[in-house]
Amino acid sequence: MKARAILTGIGAIALAWANDLRITNFSVNQAAQTVTFDIQWSNAWRLTTPPGNWDAVWVFVKFRPCNAYTDPWTHGRISTTLSDHTFPAQLEPVLSDGSAVGIDPAPNNLGVMLRPAAPGTYATLGPVTVTLKVSNLPTTGSYDFRIFGIEMVFIPQGSYVLGTLNGWYSWGDQAAYAFDQNGNNGDPHVPYNITSENAVTLKWAGSGATSITVPATFPKGYKPFHIMKYEISEGQYAAFLNTLPSGAASLRYVGNYNNYRNRLANNGSYPNQYYSDREDRAQNHLCWHDVAAYLDWAALRPLTEMEYEKACRGPLPEVRGEYAWGTTNITFGTTLSLTPENGTEVFSAPANANCTGWIGGNYTGGDGGQGPVRVGIHAKPGSPTREASGASYYGVLDLSGNVWEMVVMVSAPDGTVGAPTYDGKWGDGVLDWTTGQANETTWPLGNPGGFGIRGGSWGNNWDAQRVSARGCSRPDHTCSGTRNPNFRHEHHGGRGAR
């Protein structure tokens with residue numbers, strides 16, 4: 001499951017990551033305003049039986065005048081007329097809500113979601129050729145062009161259970177603040193059934209009589225959406241930095257090279273000033289502004305903590321204390337199979353490892369050290385179950401462990417730190433180029449900013465990895481620095497949705 005970045009010609013770069021996702025042979029016809037590329041990825045699916053979902057690739061284009069290093073890149077707008085494009089028989093474009101074949105209408109036509117055209121499972125889908133018309137592509141002049149692909153997973157519309165923890169665990173700050181209709185820390189613990197996107201009033205364990213009403217506009221996980229299959233990787237984050245004006249890129253660069261396995265460096269040369277020799281490794285040391293800026297740039301959006309639970313659990317009944325794979329069994333990997341790591345490494349010991357979490361010391365083998373590993377590492381060939389591969393109900397990977405998922409929170413227990421006004425607006429591909437920050441006015445970007453963490457990390461024990469454990473949800477929690485949008489931490493990463 002090697003991630004790849006491929007240079008295909010002068011002025012045209014194709015960048016793609018995920019389950020051996022490759023975008024190659026990228027070319028541009030400026031006069032016709034079209035881009036053409038070959039795409040393939042491994043282990044693709046489109047299911048007609050439960051969970052009835054698919055994986056897809058979000059593809060988008062950016063361009064900038066050659067040698068304009070201090071200028072922003074322009075995000076390509078994809079024509080909404082299907083006849084303007086050429087799609088192979090194996091692929092079709094689908095709206096981001098999964099409702100129909102097509103391109104999202106303007107002004108949100110900032111990419112194309114490509115899914116398998118026919119139901120089935122595919123060891124390898126492609127390579128097949130796609131031609132897209134980019135309506136704002138310059139017809140003349142000398143430009144750099146780049147095309148990007150991010151693997152996504154579709155989460156269908158439907159009801160789900162919110163909150164499953166039963167009282168205090170050893171790390172009570174994380175576990176005891178699960179959503180709970182009774183608002184207490186012991187039995188009976190009663191989760192919620194989320195059956196619509198209507199406004200809902202929520203309590204959490206330990207809240208007592210305190211509650212918060214979450215408005216209808218806040219994404220609750222009932223409506224359909226696509227979610228990134230993997231956490232943001234070092235290769236993806238480097239590509240993001242390489243398409244920012246130099247000043248903005250320096251503000252979003254996380255530093256901390258070689259600290260807790262972070263290999264993102266900034267001493268390359270154009271077009272790859274920022275690069276990593278471990279492109280598939282989950283990017284850590286991210287602050288909230290970093291995650292939000294990446295998602296705005298990619299025309300995605302932040303995930304909410306309610307959507308996080310839906311993506312983990314799906315429509316199944318709650319299992320108290322469960323992890324993202326739906327059971328209470330967890331095994332941390334300790335030994336990596338390849339030295340140095342090359343993007344195909346797995347945990348060779350223990351053989352049944354399904355999570356990256358606290359092992360009490362350095363990894364054996366591989367690059368050693370303590371920190372995140374490559375995204376999707378537990379989805380090894382021959383892993384037939386969710387538990388064996390660490391996969392959610394819908395096939396999303398690493399939702400428990402590796403790096404904390406930075407998400408939009410409903411509220412802290414005192415009701416003051418949530419972001420219930422968040423409406424799930426998609427990013428527009430454009431940042432505040434002076435600050436290098438997302439500029440979507442409905443997103444939580446202040447301090448305190450209404451964001452928090454879910455899912456645990458490589459540095460946490462088994463409690464923090466639980467689906468319903470609400471990381472940093474407590475006002476006096478020692479990781480309250482998370483509420484500072486500029487606070488970077490070696491445990492923090494994220495992923496987005498659309």
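Residues numbered from 1 in each chain as written. Predicted model: local features only at pLDDT ≥ 70, side-chain atom pairs only at ≥ 80, totals over all residues. Heavy atoms only, no water.

**Some words on the pairing of strand 21 (residues 404-408)**
Buried residues dominate strand 21, accounting for five of its five residues. Burial of strand 21 is two-sided: the residues Trp404, Met406 and Val408 facing one way and the residues Glu405 and Val407 facing the other way are all buried. Summarising the sheet, strand 21 and strand 24 (residues 451-454) pair through four bridges and their orientation is antiparallel. Each residue of the ladder has a partner; that of Met406, found in strand 24, is Ile453. (Buried < 20%, exposed > 50% of the residue type's maximum accessible area, 1.4 Å probe, protein only. Helix = DSSP H or I, 4+ residues; strand = E, 2+ residues; numbered from the N terminus. Pairing = 2+ DSSP bridges.)

**A closer look at the environment of Ala265**
Within the secondary structure layout, Ala265 lies in strand 16 (residues 264-265). Between the C-alpha atom of Ala265 and that of Ser276, which follows or precedes it by 11 residues, the distance is 6.1 Å. Among all residues touching Ala265, those that are not within four sequence positions of it are Tyr253, Tyr257, Gln273, Tyr274 and Tyr275. (Contact = heavy atoms within 4.5 Å.)

**So, unusual backbone geometry**
That bond from Pro50 to Pro51 is cis: its omega, 10°, falls within 30 degrees of zero. Look at the link from Ala106 to Pro107: it is a cis peptide, with omega at 5°. Within the secondary structure layout, Pro107 lies in the loop between strand 7 (91-94) and strand 8 (112-116). Phi is positive for Asn43, which is not a glycine, with a value near 55°. Position of Asn43 among the secondary structure elements: in strand 4 (residues 34-46).

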